[in-house]
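Per-entry structural report
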Amino acid sequence: MEDDLVTHLPTDVRAALRLFAFYLGNGTLDVDLLDGIDYRAHLLAFGSDLEMVFAIFSNVLEVDDHGQTLNDGDAQYRAAQWIRGRCDPGYQVEPPFEAWETELHGP
């Protein structure tokens with residue numbers, strides 16, 4: 001394969017993914033919403049939950065024509081809402097997730 005045919009994710013998207021992974025792994029994803037919830041142990045115990053967190057983040061993330069992310073904070077918040085809903089049965093996600101937000105892509 002020739003190098004000029006390879007397309008990479010825009011730098012801003014890669015940065016948003018990296019920061020999301022950092023906050024998630026560090027336990028500091030939306031500290032207001034997830035305060036006092038040890039979601040990291042839950043996500044490691046149930047791999048499909050971690051898969052869904054990344055699916056929601058990437059499905060909600062918007063990118064403009066120049067590769068700049070437009071709403072990485074919103075994407076992080078929606079992922080945090082899903083985590084809270086899985087760890088706290090009394091929590092009600094508002095607004096409820098739409099099908100496109102939780103769609104799994106790929107093989």
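Check the entry above for the structure.
Cis peptide bonds are those with omega within 30 degrees of zero, and the linkage from Glu94 to Pro95 qualifies with -10°. Looking at the secondary structure, you find Pro95 in the segment after helix H4 (72-87). One non-glycine residue, Asp30, lies in positive phi territory at about 40°. In this fold, Asp30 is placed in the loop between helix H1 (11-26) and helix H2 (39-45).

We now examine the pattern of salt bridges. Going through the model one piece at a time under the given rule, you end up with three salt bridges. The partner of Arg86 in a salt bridge is Asp49, with the nearest N and O atoms 3.2 Å apart. In this pair, Arg86 is assigned in helix H4 and Asp49 in helix H3 (residues 47-60), connecting sequence segments 37 residues apart. Between Asp88 and Arg84 there is a salt bridge, with its nearest N and O atoms 2.9 Å apart.

Relative to the 22 Å expected for 16 residues at 1.5 Å per residue, H4 spans 23 Å between its end C-alpha atoms, a close match to the ideal helical length. When H4 is considered as a whole, its buried residues turn out to be Ala75, Gln76, Arg78, Ala79, Ala80, Gln81, Trp82 and Ile83.

Each pair of packed helices gets described by two things: the angle between the helix axes and the distance between those axes. H4 packs onto H1 with a crossing angle of 35° between their chain directions and a minimal axis gap of 11 Å. Like other packed secondary-structure pairs, H1 and H4 cross with a definite hand, here right-handed. Listed contacts from H4 to Ala16, Phe20, Tyr23 and Leu24 of H1 are Asp72, Gln76, Ala79 and Ile83. Its residues assigned to classes, the contact of H1 with H4 comprises six nonpolar, one polar and one charged.

Criteria and cut-off values
- The numbering scheme is per chain: residues are counted from 1 as the chain's sequence reads.
- Where totals are concerned, whole chains, interfaces and linings use all residues; where local detail is concerned, this predicted model gives features only for residues with pLDDT of at least 70, and gives and counts side-chain atom pairs only at 80 or more.
- Side-chain numbers here rest on the full set of heavy atoms in the structure, without hydrogens or water.
- Labels follow the DSSP assignment, with helices taken as runs of H or I lasting at least four residues and strands as runs of E lasting at least two, numbered in each case from the N terminus.
- A carboxyl oxygen of Asp or Glu within 4 Å of a side-chain nitrogen of Lys or Arg is what we treat as a salt bridge.
- Take the number of residues in a helix, subtract one, and multiply by 1.5 Å to get its expected span.
- Exposed residues in this analysis have more than 50% of their type's maximum accessible area, buried residues have under 20%, and partly exposed residues fall in between, with area computed by a 1.4 Å probe over protein chains only.
- Only the stretch in contact is used when a helix axis is fitted, and all axes are lines through C-alpha atoms; the angle between N-to-C directions ranges over 0 to 180 degrees.
- Left-handed describes a crossing whose near helix is turned anticlockwise from the far helix through less than a right angle; right-handed describes the clockwise counterpart.
- Any two residues whose heavy atoms approach within 4.5 Å at even a single point are treated as in contact.
- We call Asp, Glu, Lys and Arg charged. Ala, Val, Leu, Ile, Met, Phe, Trp, Tyr, Cys and Pro are nonpolar, and the rest, Gly among them, are polar.

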